[in-house]
Amino acid sequence: MQHKQFIDNWVESILANPVTKQPCNSDSFEIRNGVVDARVYLKNSPGYHAWLDGQDEYEDWAKSDDGYDNKVENHTKEIEYDKPVYDQFEISGDFLDCGGGVSTVREFLPPDVRSVSLDPYINAPFEVPKARFEAYKSLSSPLNFLAANAEFLPFRHQSFDWVHMRSMLDHVQVPDLCLKEAHRVLKPGGRFLCLEFSKVKNEILNKFYQIYFQTIPRIGKLVVGKSEPYEYLINSIEDFYSQKEFFEKIKEHNFTNVSYRNLSGGIVAIHSAWKV
């Protein structure tokens, strides 16, 4: 039996079959290099192969030292930009980071918060670019991590106080299932927090934004030799809901006190909602 390197006893105690939702333990799953593999795919559904192609391109890009423009100072600026965003929320209790990879959001969590990250990218814990690891001090702390899909969460009902999604719902195959699952695993009084690229409302800013978007694949081609990961990223962002559309979509899944706030003129929006 392989050693389960990336989950502690707390995570073990809340595991469930991602399809039936019945309680189980980690021995019910395959263990790959110490990672619990709870991934479930809709392989026979429309859009699966397009999603898989995009995911493969993303993983090739993310693990390269060029993929994130990897310099320590760039990641440090990212942290400085993100910190005020998370500081406005009083995060406590048990925290699920969906699509979080190595869960850089831990940089902004209080030390007493228990967190677990899941991502279909099973090698995420092993392929952190050096500059990112150096900039994010939280990455030197033990990580709770499972390979799983947000459409099929491998956790029991009402397990978390917070469910966090960042720049990932525009990459999933079925966003509605992700929202349904987020609501299921939240405790009553729990909070859903989602940061996604959105639609720029300012006409002048939007023109510059679109020009910038059009140049990204060409820059990617020059820097890393491939334009496909950048094209996939841009297409997924442009095809995602507007702020108001996503606001209504969240409400459809029984969340209350739904709200959103634009950042940087609407390039990114913070969506928040509660489960009662």
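Up top is the structure these notes are about.
Rules used in this analysis
- Residues numbered from 1 in each chain as written.
- Predicted model: local features only at pLDDT ≥ 70, side-chain atom pairs only at ≥ 80, totals over all residues.
- Heavy atoms only, no water.
- Helix = DSSP H or I, 4+ residues; strand = E, 2+ residues; numbered from the N terminus.
- Buried < 20%, exposed > 50% of the residue type's maximum accessible area, 1.4 Å probe, protein only.
- Contact = heavy atoms within 4.5 Å.
- Areas by Shrake-Rupley, 256 points an atom, 1.4 Å probe, with all protein chains shown as cover.
- Pairing = 2+ DSSP bridges.
- Axes fitted to C-alpha atoms, helices over the stretch in contact; angles between N-to-C directions.
- Salt bridge = Lys/Arg side-chain N within 4 Å of Asp/Glu carboxyl O.
- Arc of directions from axis to C-beta.
- Polar contact = N/O pair within 3.5 Å; in protein donor to acceptor, adjacent residues only side chain to side chain.

Draft legend 1. Molecular detail of the overall build of the protein chain. In terms of helices and strands, the protein chain carries eight helices and nine strands. Taken across its 276 residues, the protein chain has 51% of its residues classed as buried. When contacts within the protein chain are restricted to residue pairs at least 6 apart in sequence, long-range pairs at least 24 apart make up 71% of them. Counting only carbon and sulfur atoms, one obtains 51% of the accessible surface of the protein chain, whose full area is about 13,700 Å².

Draft legend 2. Spatial organisation of the sheet that holds strand β3 (residues 94–98). Read from one edge of the open sheet, nine strands run β1-β2-β5-β4-β3-β6-β7-β9-β8, paired in mixed fashion. Looking at strand neighbours, the two that pair on one side only are β1 (30–32) and β8 (256–263), the edges of this open sheet. Neighbour to neighbour, the strand axes of the sheet diverge by 20 degrees on average, direction disregarded. Note that β3 and strand β6 (residues 160–166) share four bridges and pair parallel. What sits directly across from Asp 97, in β6, is His 164. Here helix α5 (residues 175–185) sits on the sheet in contact with β3, β6 and β7 (186–197), set at roughly 145 degrees to β7.

Draft legend 3. Expanded view of the pattern of salt bridges. Counted according to the given criterion, the structure contains 13 salt bridges. Of the charged contacts, one joins Glu 78 and Arg 132 as a salt bridge, the two residues approaching to 3.7 Å between their closest N and O atoms. In this pair, Glu 78 is assigned in helix α3 (residues 72–87) and Arg 132 in helix α4 (residues 130–135), connecting sequence segments 54 residues apart. Here Asp 87 and Lys 83 are joined by a salt bridge, their closest N and O atoms 2.7 Å apart. Linking Asp 87 with Lys 83, this pair stays in helix α3, spanning four residues, or about one helical turn. Judged by its relative accessible area of 45%, Asp 87 is partly exposed. Several salt bridges converge on common partners, so that one network encompasses Glu 30, Arg 32, Asp 37 and Arg 39.

Draft legend 4. Helix α8 (residues 243–252), seen in detail. Listed in full, the buried residues belonging to α8 are Gln 243, Phe 246, Lys 249 and Ile 250. Angularly, the buried residues of α8 cover 120 degrees about the axis, an arc narrow enough to put them on a single face. In α8, the exposed residues that point more than 90 degrees away from the buried face are Lys 244 and Glu 252. Where the residues of α8 are buried, they touch α5, β7, β8 and β9 (268–274). Phi turns positive one or two residues past the end of α8, at Asn 254, with a value near 70 degrees.

Draft legend 5. Molecular detail of the side chain of Asp 82. Secondary-structure assignment places Asp 82 in helix α3. Overall, Asp 82 belongs to the buried group, its relative accessible area being 4%. Within the local environment of Asp 82, its side chain forms a polar contact with the side chain of Arg 166, the two groups lying 3.1 Å apart. Residue contacts for Asp 82: discarding those within four places in its chain leaves Phe 108, Tyr 136 and Arg 166.

None of the figures reported here should be taken as evidence of function without further support.
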